[in-house]
Amino acid sequence: MREVNIAVIGATGAVGMEFLRILEERQFPADHIRLTASQRSVGKRIPVRGQELVVQATGPESLEGVDIAFISATSRVSLEMGAAAVEAGALAIDDSSAFRMRPDVPLVVPEVNGEDVEWHQGIIAIPNCATTPLVMAAQPLHRHNPVSRIVASTYQSVSGAGGAAMTELREQTRGAFQGGAPPPQAQPHQIAFNVIPRIDDFGPDGYTKEETKVREETRKIMHSPGLAVAATCVRVPVYVSHSAAVHMEFQHPMDADEARGILAEAPGITVVDAPEEGLYPMPVDVGGTDDVYVGRIRKDTSHPNGLVMWVVADNLRKGAALNAIQIAEEVLKRDCLKPGGKAAVAAASQSLND
Ligand code: A2P
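The structure presented is a predicted model; accordingly, all values stated were derived computationally and were not measured.

Draft legend 1. Seen up close, the overall build of the chain. Summing up its helical and strand segments, the chain has 10 helices and 14 strands in all. At 20 Å, the chain has a C-alpha radius of gyration in line with the 20 Å of a compact globule built from 354 residues. The C-alpha extent of the chain, read off along each of the three principal axes, is 60 × 55 × 40 Å. Taking all 354 residues of the chain together, 53% fall into the buried category. Accessible area of the chain: about 15300 Å², with a carbon and sulfur share of 51%. Here the chain carries 32 positive and 44 negative side-chain charges, and the mean point of each set is 4 Å from the other.

Draft legend 2. The arrangement of the nonpolar core in detail. Membership of the largest hydrophobic core comes to 55 residues, with the highest contact counts inside it found for Ile9, Leu141, Ile150, Val246, Met248, Val294 and Met309. Ranked by the residues each element gives to this core, the list is headed by helix α4 (residues 131-144), at six residues. What Met309 contacts, discounting residues up to four positions off in sequence, is Leu141, Ala244, Ala245, Val246, Met248, Leu263, Val294, Gly295, Arg296 and Ile297.

Draft legend 3. The environment of Val66, seen in detail. Residue placement: Val66 occurs in the loop between β5 (56-57) and β6 (68-71). Accessibility expressed as a relative area gives 7% for Val66, which makes it buried. Remark: the alpha-carbon pair of Val66 and Val292, spanning 226 residues in sequence, is separated by 31 Å.

Draft legend 4. Spatial organisation of a nonpolar patch on the surface. A contiguous nonpolar surface patch, about 290 Å² in accessible area, is contributed by Tyr280, Met282 and Val284. In this structure, Tyr280 sits in the loop between β12 (269-271) and α8 (283-286). With relative accessibility at 33%, the residue Tyr280 sits in the partly exposed group.

Draft legend 5. Expanded view of the pairing of strand β14 (residues 306-313). The element β14 is largely enclosed, with a buried count of seven among its eight residues. Of the strand pairs in this sheet, strand β11 (residues 242-250) and β14 are connected by eight bridges, and their pairing is antiparallel. Its bridge partner lying in β14, Val246 is registered against Met309. Where strand β13 (residues 292-299) folds back onto β14 in an antiparallel hairpin, the turn is made up of six residues.

Draft legend 6. Examining the site of the ligand more closely. Residues in contact with the ligand amount to 16 residues; listed here are only the nearest, Thr12, Ser38, Arg40, Ser41 and Gly163. One of the backbone nitrogen or oxygen atoms of Ala14 is found 2.9 Å away from an oxygen atom of the ligand. At 2.8 Å, a backbone N or O of Gly163 approaches an oxygen atom of the ligand. Protein coverage of the free-state accessible area of the ligand, which is 570 Å², stands at 71%. Here the residues of the shell around the ligand sort into five nonpolar, 10 polar and one charged.

Conventions and cut-offs
All residue numbers here refer to positions counted from 1 along the written sequence of the relevant chain. For a predicted model such as this one, the threshold for reporting local features is a pLDDT of at least 70, and the threshold for listing and counting side-chain atom pairs is 80 or more; totals across whole chains, interfaces and linings nevertheless cover every residue. To obtain the side-chain values, all non-hydrogen atoms of the structure were included, while hydrogens and water were left out. A helix here means a DSSP run of H or I that spans at least four residues, while a strand means a run of E at least two residues long, and both kinds are numbered starting from the N terminus. Two things to know: the radius of gyration comes from C-alpha atoms, and the globule rule equals 2.2 Å times the number of residues to the power 0.38. A simple rule labels every residue: compare its accessible area, found with a 1.4 Å probe on the protein chains alone, to the largest value its type can have, and call it buried under 20%, exposed over 50%, or partly exposed in between. Residue-level accessible areas treat just the shown protein chains as cover; the underlying method is Shrake-Rupley with a 1.4 Å probe. The charge count treats Lys and Arg as positive and Asp and Glu as negative. His and the chain ends do not count. Each charge is placed at NZ for Lys, CZ for Arg, CG for Asp and CD for Glu. Each nonpolar core is a collection of buried residues, namely Ala, Val, Leu, Ile, Met, Phe, Trp, Tyr and Cys, held together in the definition by side-chain atoms within 4.5 Å. Should any heavy atoms of two residues lie within 4.5 Å, those residues are considered in contact. Patches here are clusters of residues that have more than 30% relative accessible area and form no salt bridge, with a 9 Å joining cutoff for like charges and a 5 Å cutoff for nonpolar side chains (Val, Leu, Ile, Met, Phe, Trp, Tyr). Salt bridge, as applied in this entry: a Lys or Arg side-chain nitrogen positioned within 4 Å of an Asp or Glu carboxyl oxygen. In short, DSSP must find at least two bridges between two strands for them to pair. Near, as used in this document, describes a residue that has one of its heavy atoms within 4 Å of the molecule or strand being considered. Pairing of N or O atoms within 3.5 Å defines a polar contact, subject to two protein rules: one partner must be a possible hydrogen donor and the other a possible acceptor, and residues neighboring in sequence count only if both atoms are side-chain atoms. The residue classification treats Ala, Val, Leu, Ile, Met, Phe, Trp, Tyr, Cys and Pro as nonpolar and Asp, Glu, Lys and Arg as charged. All others, Gly included, are polar.

Given below as structure tokens:
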């Protein structure tokens, strides 16, 4: 793989820090690495690959000489830096929702739709961290027996809301034992000893933006615009890893053993499914690992063609930073660092609408 110069925008954040760890673990072929964050962090030193790198301010100048910019900061930063990256001829791999549903921006989980990186126009988006595990589990089954409906209830960790939400869970938990939890700031309600059935704002249909993202992103990644998807997204007092109870309906009956076999063969999936021995995926075991874990696979007794399963993944890794690095690896493998041209976009938009 050729060596590239990269910028990590939002390097001091929960995803950014994980990103730097994974970069080292996977020996990503980065020649020069530039770290940027907000003004608050300028001058901070972060060890990367045995060197101390100094955090710089974020701005168009951060992209000078950069081949790939990984962006995980705020949506506003994504909008500004995504546009600046296109202008500067760098590829932006973006973790926000700013570009995900744009028809000229591929939304990619490499194991599911890696080929979509080929039609990028300078920006590739990473799905929401609740969507990625869902499509990872659904797509291998969908290839064998088309999925017609997905109903997911998520149990999402606070790290999905960033470093401040992690600190808040710690302080509220400590505070609750010492006379009172501090008031919520990073979350809409107290999260310690609670679950919050709301992630992001509500839309007019009663679904939150997070739930709408899960629906629309799943359809886009799976190239299935008509797929029926409904989600209830819930924040739980867990630090890292998102879980989901997922009901899938298929065109034809699907046996739980058959699904187990298919998922066991799928790249990036680990099946942990021996409930009688106490073996099923849980956030405490999954945090810090790369795969999407699936367990409790069983017949949906309420539907002849339905299955139910429990899906857990580290939201900072496969849900964000790891997926971003895998996208970059896919781009380098397919030798498509530079945009593919208008014809590629037209062809891709057509295929998404098929
Ligand atoms: P900083 O640490 O300087 O605030 P998290 O998701 O964990 O909250 O992290 C968000 C990341 O985005 C951090 O690296 C944060 O930097 C960065 N960030 C937040 N606001 C801005 C901004 N206006 N410009 C650049 N980076 C920002």
